[in-house]
Amino acid sequence: MQRESRKVSRRRFLKEATGAVGAASALTILKPRWVRGAEKEFGVVVLLGPPGAGKSEQSRRLTARHSIPIISTGDLLRDQVRRGTQLGLQADTYMKAGQLVPDSLMNPILEDRLSQPDCARGFILDGYPRTLAQAESLDALLKRKGLPPHIILLEVPTERLFKLLTGRRICPRCNRSYNIYFQPPQKENLCDADGTTLVQRPDDKEEVIRRRLDTYQKETQPAIEYYARQGRLVRVNGDQPPEKVAGEIESKLASQ
Ligand code: AP5
């Protein structure tokens, strides 16, 4: 019943997205690759979930399997901060405080990235949308591009999120992520790939984590309800080993 309503809303999205093209033929053109075969068009996968739910981890697994780029808004912003751009300096204040970066800064960077040729066949969105306004703006943008999204929500209990975030360590050189509790590096605090000393993200401190989780409840929950109301939300249990989460995502995408 739930799957039927997702299909209906996906069909409606495609019809609106493609205008003159009939919904049935649009579905054939835009069906994801796991339905039509590896050589065909992919689509867009939107990964939603609270801070620490494993969006980056699962994005990496999806990109390895399906060869479409990951667009992480957190990484786009951190890149601006690293390069010391005007935008990065402004965004940094919000990120360090555990608040959302305003749309006036966020949306132009995202739209610019999505206009690159590697995004033409599809992409994985990690960290966007985070508000109802961003969800509506993403719908409009994807309709223009004729790319129907699959909306995945990773669900993880709040008490576990604290451990996932406080235990996270990142390699500043290759960006590989570890977790001192669940996925430790082979040598303490050194990256397995290049031996660089691992660092903690400035927003992974306990007081900032609390604010990020608060922001998620207040700002992102309405976007999740927006997708749920339309029957487009696919819920995945993120509270299991990463390979099991990946398996559940693949099987739910395949059944859409
Ligand atoms: P962003 O970088 O997007 O952070 P986030 O959403 O808070 O998510 P995280 O990256 O912290 O967690 P994740 O879900 O990716 O988990 P991960 O896979 O790393 O955003 C940062 C900031 O940028 C925001 O606070 C905001 O200020 C700004 N921003 C970004 N996008 C914005 C937007 N659209 N609008 C406005 N502002 C925006 O996993 C976490 C840890 O757990 C890791 O250590 C990992 O190894 C481990 N792990 C993952 N899965 C498992 C598992 N299944 N079992 C065991 N361990 C696991």
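Treat the numbers as computed from the prediction; the structure is a model and nothing was measured. (Residues numbered from 1 in each chain as written. Predicted model: local features only at pLDDT ≥ 70, side-chain atom pairs only at ≥ 80, totals over all residues.)

1. Brief notes about the overall build of the protein
Selection criterion: Think of it this way: any DSSP run of H or I at least four residues long counts as a helix, any run of E at least two long counts as a strand, and we number them from the N terminus. The burial label depends on the number of other C-beta atoms within 10 Å of a residue's C-beta. Counts of 20 or more mean buried, 12 or fewer mean exposed, and intermediate counts mean partly exposed, with C-beta atoms placed from the backbone. Here the contact rule is simple: place C-beta atoms from the backbone, and any two residues whose C-beta atoms are within 7 Å are in contact.
A count of helices and strands for the protein gives 11 helices and seven strands. Within the span of the protein, comprising 256 residues, buried residues form 32% of the whole. Across the protein, contacts joining residues at least 24 apart in sequence account for 68% of those joining residues at least 6 apart.

2. Quick word on the confidence of the model for the protein
Applicable threshold: Every residue is assigned a pLDDT by the predictor, reflecting its confidence on a scale from 0 to 100.
Here the protein averages 86 in pLDDT, while 84% of its residues score no lower than 70. For residues 13-41, every residue scores under 50 in pLDDT, and the model assigns this stretch 34 contacts once sequence neighbours within four places are set aside.

3. Considering helix H9 (residues 158-166)
Think of an α-helix as turning once every 3.6 residues; residues three or four places apart then point the same way. Selection rule: In this description, the arc belongs to the directions extending from the helix axis to the C-beta atoms.
Residues of H9 that are buried include every one of Leu161, Leu164 and Leu165, and no others. Take H9 and look down its axis: the buried residues cluster within an arc of 90 degrees, on one side only. Looking at the buried residues of H9, the elements they touch are strand S5 (168-170), strand S6 (177-179) and helix H10 (206-229).

4. Topic: helix H11 (residues 242-254)
The cut-off we apply is this: To estimate how far a helix should extend, the number of its residues minus one is multiplied by 1.5 Å.
The end-to-end C-alpha distance of H11, which contains 13 residues, comes to 18 Å, matching closely the 18 Å that a straight helix rising 1.5 Å per residue would cover. Within the sequence span of H11, burial applies to Val245, Ala246, Ile249 and Leu253. The buried residues of H11 occupy one face: seen down the axis, they fall within an arc of 100 degrees. Facing away from the buried side of H11 by over 90 degrees, the exposed positions are Glu243, Ser251 and Ala254.

5. Focus: the environment of Glu219
If you trace the backbone, Glu219 turns up in helix H10. In this structure Glu219 comes out as partly exposed when scored by C-beta crowding, with 17 C-beta atoms within 10 Å. Sequence separation of Glu219 and Thr131 is 88 residues, and the distance between their C-alpha atoms is 5.3 Å.

6. Some remarks on the sheet that holds strand S3 (residues 122-126)
As a reminder of what qualifies: Strand pairing is assigned whenever DSSP detects at least two bridges linking the two strands. Each axis is a line fitted through C-alpha atoms, taken for helices only over the stretch in contact, and angles between the N-to-C directions span 0 to 180 degrees.
Read from one edge of the open sheet, five strands run S2-S3-S1-S4-S7, paired in parallel fashion. A strand with exactly one partner marks an edge of an open sheet, and here the two such strands are strand S2 (70-72) and strand S7 (233-237). Adjacent strand axes in the sheet meet at a mean angle of 25 degrees when their direction is disregarded. The pairing of strand S1 (residues 43-48) with strand S4 (residues 149-155) spans five bridges and is classified as parallel. Note on S4: the bridge partner recorded for Val44 is Pro149. With respect to the sheet, H11 is in contact with S4 and S7, its orientation differing from that of S7 by roughly 155 degrees.

7. Some remarks on the environment of Arg201
In this fold, Arg201 is placed in the loop between S6 and H10. The class of Arg201 is partly exposed, set by 15 C-beta atoms lying within 10 Å. Once you skip the residues sitting within four places of it in the chain, Arg201 turns out to touch Arg168 and Ile170.

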